[in-house]
Amino acid sequence: SNVTYEELVQIEYEFDDVELEIIRQQTALNAPLYAKRQAVTSRIPNFWPLVFEQGPSDIGQMIQPTDSEIFAECLTGFSVSRFELPGGSPRSVAIRFEFDASKNKWFADEVLEKKFWFRRARDGWTGLVSEPLKVQWREGMDITDGLTDAAVGLWEARKELLAAQKGGPAAAPPPGAVQALPQFKALADKLDNSDEGARSIFAFFGFIKKGEKVQEEKPAGEEPEEDEVDADICPVADELAMTFADDMWPNAIKYFTAAQEMDMDNMSHDFEGTDEDVDDDEDDEDEQIDIRSLVKGKEKGSDSPPAKRRK
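The structure displayed is predicted, hence computed values, not measured ones.

J.: For this particular structure, what's the right way to read the overall build of the chain?
T.: Scanning the chain from terminus to terminus reveals 10 helices and 4 strands. Its helices and strands in sequence order give the chain the pattern α-α-α-α-β-β-β-β-α-α-α-α-α-α, from N to C terminus. Put simply, the chain has 311 residues, and 41% of those count as buried. When contacts within the chain are restricted to residue pairs at least 6 apart in sequence, long-range pairs at least 24 apart make up 69% of them. As displayed, the chain offers around 17,200 Å² of accessible surface, 50% of which is attributable to carbon and sulfur atoms.

J.: Just to check I follow, could you spell out the packing of aromatic side chains for this structure?
T.: Between two aromatic rings, the relevant description is the distance of the centres plus the angle of the planes. The final tally for this structure, using the stated rule, is 28 aromatic pairs. Taken together, a centroid distance of 6.4 Å and an interplanar angle of 10° make the contact between Phe71 and Phe97 stacked. One end of the pair, Phe71, is in helix α4 (residues 65-74); the other, Phe97, is in strand β2 (residues 93-99), with 26 residues separating them in the sequence. Overall, Phe71 belongs to the buried group, its relative accessible area being 1%. Taking the centre distance of 5.3 Å and the plane angle of 55° together, the rings of Phe78 and Phe244 count as tilted. Here Phe244 lies in helix α7 (residues 237-248) and Phe78 lies in strand β1 (residues 75-81), a separation of 166 residues in the sequence. The residues Phe78 and Phe244 share a single accessibility class, namely buried. Just above the ring of Phe83 sits the side chain of Lys115; from NZ or CZ to the centre is 4.9 Å. Geometry around Tyr255 places Lys254 over its ring, the cationic atom sitting 4.9 Å from the centre.

J.: Sorry if this is basic, but what is going on with a nonpolar patch on the surface here?
T.: A cluster of nonpolar side chains, contributed by Val3, Leu8, Ile11 and Phe15, occupies part of the molecular surface with about 400 Å² of accessible area. Note on placement: Val3 falls in the segment before α1 (5-41).

J.: Teacher, can you tell me more about the nonpolar core here?
T.: The nonpolar side chains of a soluble globular protein tend to be buried, and buried together. Counting 60 residues, the largest nonpolar core has Phe52, Phe97 and Phe244 as its most contacted members. When sequence neighbours within four positions are dropped, the list of residues in contact with Phe97 reads Phe52, Phe71, Leu75, Gly77, Phe78, Glu110, Val111, Leu112, Phe204, Phe205 and Phe244.

J.: What should I look at first to understand the sheet that holds β1 in this one?
T.: The strands that make up a sheet are held in pairs by hydrogen bonds between backbone atoms, and each pair lies either parallel or antiparallel. With antiparallel pairing, the 4 strands of this open sheet are ordered in space as β1-β2-β3-β4. On the outer flanks of this sheet lie β1 and β4 (126-130), each paired with one strand and no other. Each strand axis lies, on average, 15° off the axis of its neighbour in the sheet, ignoring direction. For β1 and β2, the ladder comprises 6 bridges, and the chain directions are antiparallel. Residue pairing for β2: Ser81 is matched across the bridge by Ala94. Across the sheet, helix α2 (residues 47-54) lies against β1 and β2, angled at about 70° from β1, the strand it touches most.

J.: Is there a simple way to think about the environment of Asp238 in this case?
T.: Residue placement: Asp238 occurs in helix α7. When sequence neighbours within four positions are dropped, the list of residues in contact with Asp238 reads Phe116, Leu128, Phe207 and Lys209.

J.: What should I look at first to understand unusual backbone geometry in this one?
T.: It is generally the case that most residues other than glycine have a negative phi and that most peptide bonds are trans. The omega angle of the peptide bond from Leu85 to Pro86 is 15°, so this bond is cis rather than trans. With respect to the element layout, Pro86 can be found in the loop between β1 and β2. Not every positive phi belongs to a glycine, and Asn46 is a case in point at roughly 60°. By the secondary structure assignment, Asn46 is in the loop between α1 and α2. Judged by relative accessible area, Asn46 falls into the buried class, the value being 14%. Unlike most non-glycine residues, Asp145 shows phi in positive territory, near 55°. Note that Asp145 resides in the loop between β4 and α5 (147-165).

Thresholds, definitions, all that
- Residues numbered from 1 in each chain as written.
- Predicted model: local features only at pLDDT ≥ 70, side-chain atom pairs only at ≥ 80, totals over all residues.
- Heavy atoms only, no water.
- Helix = DSSP H or I, 4+ residues; strand = E, 2+ residues; numbered from the N terminus.
- Buried < 20%, exposed > 50% of the residue type's maximum accessible area, 1.4 Å probe, protein only.
- Contact = heavy atoms within 4.5 Å.
- Areas by Shrake-Rupley, 256 points an atom, 1.4 Å probe, with all protein chains shown as cover.
- Phe/Tyr/Trp six-rings, centres within 6.5 Å; stacked < 30°, edge-to-face > 60°.
- Lys NZ or Arg CZ within 6 Å of the ring centre and 35° of its normal.
- Patch = residues over 30% accessible without salt bridge, like charges linked within 9 Å, V, L, I, M, F, W, Y side chains within 5 Å.
- Salt bridge = Lys/Arg side-chain N within 4 Å of Asp/Glu carboxyl O.
- Core = buried A, V, L, I, M, F, W, Y, C linked by side-chain atoms within 4.5 Å.
- Pairing = 2+ DSSP bridges.
- Axes fitted to C-alpha atoms, helices over the stretch in contact; angles between N-to-C directions.

Purely spatial values, then, with no claim about function.
Structure (structure tokens):
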């Protein structure tokens with residue numbers, strides 16, 4: 001064949017360039033619509049908690065009962081921005097959560113915003129890199145059991161290690177140096193004693209991803225090396241970030257509407273169901289707490305236990 005591998009690769013690069021331009025144009029065109037949506041949905045009580053309840057399954061399966069309670073009680077806003085535009089990568093995203101501090105008994109932050117930088121490594125790897133975000137947990141209320149604090153502690157210790165090397169921003173710790181840090185062992189021990197499937201979605205804020213930057217844009221810190229991979233408290237956070245950005249954020253009204261329709265279906269079921277059906281539901285121990293029911297209970301001032309989350 002007269003076709004070379006390099007020709008095929010070049011075509012793929014051109015497709016990628018077109019995709020990036022589409023994201024740039026779409027972001028600019030959607031901006032006034034998102035502002036209009038925000039103006040309307042800000043007048044709807046519990047809009048974002050209900051979006052999270054009915055949202056993508058990848059996100060829903062990460063939400064634990066206490067997460068549901070926090071969202072129902074305190075979540076007032078959510079947004080996604082492509083913060084490196086117009087000059088940087090349109091694939092870099094910032095995921096922003098806003099909370100009502102007056103109702104938040106878990107942490108003091110009114111805003112938690114986690115940034116993900118899209119980067120390409122010298123070895124060809126591409127993906128999202130990030131730094132762990134400090135959550136100001138109130139005393140005794142850390143629902144991650146210290147995982148986010150431990151991730152931040154390791155990150156800070158690694159930065160001190162790099163500073164002591166005086167090797168510049170592109171330097172990497174000597175092999176095994178990070179694993180030798182007491183902060184690495186402290187985090188590894190916590191991970192060993194933690195069930196990943198039962199981990200709070202707030203572990204998302206402690207995510208770090210490996211990858212060596214070769215672009216000019218640089219986040220405030222450096223990405224971890226290979227020896228830190230096993231110390232990630234939320235390995236799928238980069239995938240969650242893209243689900244937030246590409247699915248839940250643009251389709252928020254659709255998910256909110258689906259939650260309202262679910263309410264109507266449940267109301268019909270309440271009239272048609274039997275006591276035996278209710279008993280069967282109460283016996284299902286594998287289901288999670290339903291954010292929608294928590295919200296409805298809050299609105300009515302009910303002391304009754306919340307319904308359970310759909311599968």
